[in-house]
Amino acid sequence: MPISLSAHQLSSIPPRPFLKWAGGKGRLLFQYAPYLPTNYQTYYEPFLGGGAIFFYLQPAQALLADVNPELVNVYTCIRDHLQAVIEQLKIHSVHHCQDYYYQIRSQPLTTPAQRAARLIYLNRTCFNGLYRENSQGQFNVPMGRYKNPKICDPPLLQAVSTALQTTQIQEQSFEAMLDLAHSAQDFVYFDPPYHPISVTSDFTAYSRGAFTPTDQEHLAHVFTVLAGRGVQVMLSNSDCRFIRKLYRNYTIHPIQAARAINSNPHKRGKITELLITSW
Ligand SMILES: C[S@@+](CC[C@H](N)C(=O)[O-])C[C@H]1O[C@@H](n2cnc3c(N)ncnc32)[C@H](O)[C@@H]1O
């Protein structure tokens, strides 16, 4: 089916996250809003995930990054090859069923646009929108039970593509910020995998390598170096002694959060998280 929306219809939709991503900040935006700086030139989001804060801010100049190559490929393809991604998503929409899901899930990697559409398709239809890979780096989340998942949403993807036009998108680890952000005109937002608040919570397993306590310490060091340069630095993490101690020299704002992605529905209640700012 060809896209028959007018340019006005396509552009009238505000951009927002197009993936369900663990740790997405969509529901916390109204609590974050008072703390977001307004005076900066370049925005950096090195743990991009679903990119809720980027879409909320819509900065004129941004560098977006993540270590997950498939995630970086999705954003890059939506920016540069939108129509090819939409065409593939339409095919997935038409064929979606249990057999098709597992067939697409096990398919070898293809062109960048096909890989991008595959990730969006699996993300919209898999269990709880989780992203998990096996030891060979293959996506291994089972199918979810959605009655009518919205697999292809051209107006939203067009809005996302427009918002991404002025961005640089890179596959790299957060340490790269040390080479990139240098002044008070830079605003860096770190949203790392959270330090687990209990032994059973496993929110560090986004990608192949888990985010360890040593990584958290290393990140706190990067935060400190950037803050020392006058960069405006903001970070989200779980509310626990370890994180409070790492950032004891900065401003800590407790945020009321609801954990949406947890396989145990009884653990989806309200908890406190931390928003830390260098100012
Ligand atoms: C909490 S999620 C980000 C949530 C996102 N900000 C949102 O609003 O949806 C964490 C992200 O960090 C990425 N990540 C994990 N280790 C990383 C590292 N060392 N450097 C950069 N990104 C990393 C994961 O791939 C994942 O996408």
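The model shown is predicted, which means the values in this text are computed figures rather than measured ones.

Student: Outline the overall build of the chain, supporting the account with residue identities and numerical values.
Tutor: Helix and strand counts for the chain stand at 11 helices and seven strands. Per-residue burial for the chain yields a buried fraction of 35% across its 279 residues. The long-range share in the chain, meaning contacts at least 24 apart out of those at least 6 apart in sequence, stands at 71%.

Student: Talk me through the packing of helix α6 (residues 98-106) against helix α7 (residues 112-125); I want residue IDs and the actual numbers.
Tutor: It is the contact of α6 with α7, at a shortest axis distance of 10 Å, that shows an interaxial angle of 135 degrees. Considering their axes alone, α6 and α7 lie oblique with respect to each other. Where α6 crosses over α7, the two elements pack in a sense that is left-handed. Listed contacts from α7 to Y101, I104 and R105 of α6 are R118, Y121, L122 and T125. Tallied by class, residues from the contact of α6 with α7 come to four nonpolar, one polar and two charged.

Student: How would you summarise the packing of helix α5 (residues 82-95) against α7 if you had to cite specific residues and measurements?
Tutor: Direction vectors running N to C along α5 and α7 enclose 50 degrees, while the axes themselves pass 8 Å from each other. In terms of their interaxial angle, α5 and α7 are classed as oblique. In terms of crossing hand, the pair formed by α5 and α7 is right-handed. Here α5 contributes A84, V85, Q88, L89 and H92 to the contact with α7, which in turn contributes A113, Q114, A116, A117, I120 and Y121. Each residue belonging to the contact of α5 with α7 can be placed in one class, and the counts come to eight nonpolar, three polar and no charged.

Student: Let's hear about the site of the ligand: which residues, and what values?
Tutor: Taken together, 22 residues form the shell around the ligand, and within it G23, F47, G49, G50 and D191 come nearest. Its residues assigned to classes, the shell around the ligand comprises 11 nonpolar, eight polar and three charged.

Student: Break down the sheet that holds strand β3 (residues 167-171) for me, with residues and values.
Tutor: Pairing in this open sheet of seven strands is mixed, and the strands run β3-β2-β1-β4-β5-β7-β6 from one edge to the other. Two strands close off the open sheet at either side, each with one partner strand: β3 and β6 (251-258). Sheet twist, expressed as the average angle between the axes of neighbouring strands with direction ignored, equals 15 degrees. Relative to strand β4 (residues 186-190), strand β1 (residues 42-45) runs parallel, the two sharing three bridges. The residue of β4 that forms the bridge with Y43 is F187. Across the face of the sheet, helix α4 (residues 69-80) comes into contact with β2 (62-66) and β3 while running at roughly 155 degrees to β3. Across the sheet, helix α10 (residues 213-228) is in contact with β4 and β5 (232-238); its angle to β5 comes to roughly 160 degrees.

Student: Pulling in residues and values, what's your account of α5?
Tutor: In a regular helix each residue adds 1.5 Å, so 14 residues correspond to 20 Å; α5 covers 20 Å between its end C-alpha atoms and thus fits that length. The elements touched by buried residues of α5 are α4, α6, α7 and α8 (154-164).

Student: With reference to specific residues and values, describe the environment of R105.
Tutor: If you trace the backbone, R105 turns up in helix α6. According to the C-beta neighbour criterion, R105 is partly exposed, with 18 such atoms within 10 Å. The sequence separation of R105 and N140 amounts to 35 residues, and the corresponding C-alpha distance is 7.6 Å. Ignoring sequence-local partners within four residues, the contact set of R105 consists of L122 and F139.

How each quantity is defined
Residues numbered from 1 in each chain as written. Predicted model: local features only at pLDDT ≥ 70, side-chain atom pairs only at ≥ 80, totals over all residues. Helix = DSSP H or I, 4+ residues; strand = E, 2+ residues; numbered from the N terminus. Buried ≥ 20, exposed ≤ 12 C-beta atoms within 10 Å, placed from the backbone. Contact = placed C-beta atoms within 7 Å. Axes fitted to C-alpha atoms, helices over the stretch in contact; angles between N-to-C directions. Parallel < 35°, antiparallel > 145°, perpendicular 65-115°, else oblique. Left-handed = near helix turned anticlockwise from the far one by under 90°. Nonpolar A, V, L, I, M, F, W, Y, C, P; charged D, E, K, R; others polar. Near = placed C-beta within 6 Å. Pairing = 2+ DSSP bridges. Expected span 1.5 Å × (residues − 1).

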